[in-house]
Amino acid sequence: RRAAVRTPFACTWGALVVLAGDDTAATEKAQRFRAHPGAVTGGPERVAAALDGYAAAGADWVILGPVDSSDPQNATRLGEQIAPALRRLATTRRGG
């Protein structure tokens, strides 16, 4: 952020993500899809915690590419489970 020469400046981060209802199912899915070892993998709480780390480091936006992008359940998990968990973590991080 300090090196940004444009104002306003948005810091973004993007990654592959393997989403499932829980960590075990996500790990199995990652193996099935042969996901990259660096892909964010987990259930809603684990994925939210990983994304919160990037937010804490200054990311304004995160762009996620699900390894199984044709599964509509990914959007549901992101909107109904991961986003609220991420908001809770951000509130806690800010002391609220």
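Residues numbered from 1 in each chain as written. Predicted model: local features only at pLDDT ≥ 70, side-chain atom pairs only at ≥ 80, totals over all residues. Heavy atoms only, no water.

## Focus: the nonpolar core
Moving on, step 1. Listed in full, the 10 residues of the largest apolar core are Trp13, Ala15, Val17, Leu19, Val40, Val47, Ala48, Leu51, Ile82 and Ala85.
Moving on, step 2. At the level of secondary structure, the elements contributing two or more residues to this core comprise β1 (12-19), α2 (44-56) and α3 (73-93).
Moving on, step 3. Here this core takes four residues from β1, the largest share from any one element.
Moving on, step 4. Sequence-distant contacts of leucine 51, that is, excluding residues within four places in its chain, are made with Trp13, Val62, Leu64, Ile82 and Leu86. (Core = buried A, V, L, I, M, F, W, Y, C linked by side-chain atoms within 4.5 Å. Buried < 20%, exposed > 50% of the residue type's maximum accessible area, 1.4 Å probe, protein only. Helix = DSSP H or I, 4+ residues; strand = E, 2+ residues; numbered from the N terminus. Contact = heavy atoms within 4.5 Å.)

## What about the sheet that holds strand β2 (residues 40-42)?
Moving on, step 1. Strands sit in the order β2-β1-β3 across an open sheet of three strands; the sheet is parallel. Where the open sheet ends on each side, the last strands, each with one partner, are β2 and β3 (61-66). Across the sheet, the axes of successive neighbouring strands diverge by a mean angle of 35°, strand direction being ignored.
Moving on, step 2. Packing against the sheet, helix α1 (residues 23-32) makes contact with β1 and β2, and its axis sits at approximately 130° to β2.
Moving on, step 3. Its contacts with the sheet place α2 against β1, β2 and β3, and it is angled at close to 150° to β2. (Pairing = 2+ DSSP bridges. Axes fitted to C-alpha atoms, helices over the stretch in contact; angles between N-to-C directions.)

## Considering unusual backbone geometry
Moving on, step 1. Look at arginine 34: it is not a glycine, yet its phi comes out positive at around 50°.
Moving on, step 2. Structurally, arginine 34 is set in the loop between α1 and β2.
Moving on, step 3. For arginine 34, a relative accessible area of 77% gives the class exposed.

## Looking at α3
Moving on, step 1. Over its 21 residues, α3 extends 28 Å from the first C-alpha to the last, a length consistent with the 30 Å expected when each residue adds 1.5 Å.
Moving on, step 2. Of all the bends in α3, the greatest reaches close to 35° and is centred on isoleucine 82; the proline proline 84 follows between one and four positions later.
Moving on, step 3. All of the buried residues along α3 are Asn74, Arg77, Ile82, Ala85 and Ala90.
Moving on, step 4. Buried-residue contacts for α3 involve β1, α1, α2 and β3.
Moving on, step 5. Positive phi appears at glycine 95, one or two residues downstream of α3, with a value of about 85°. (Expected span 1.5 Å × (residues − 1). Bend = angle between axes of the 7 residues up to and from the residue.)

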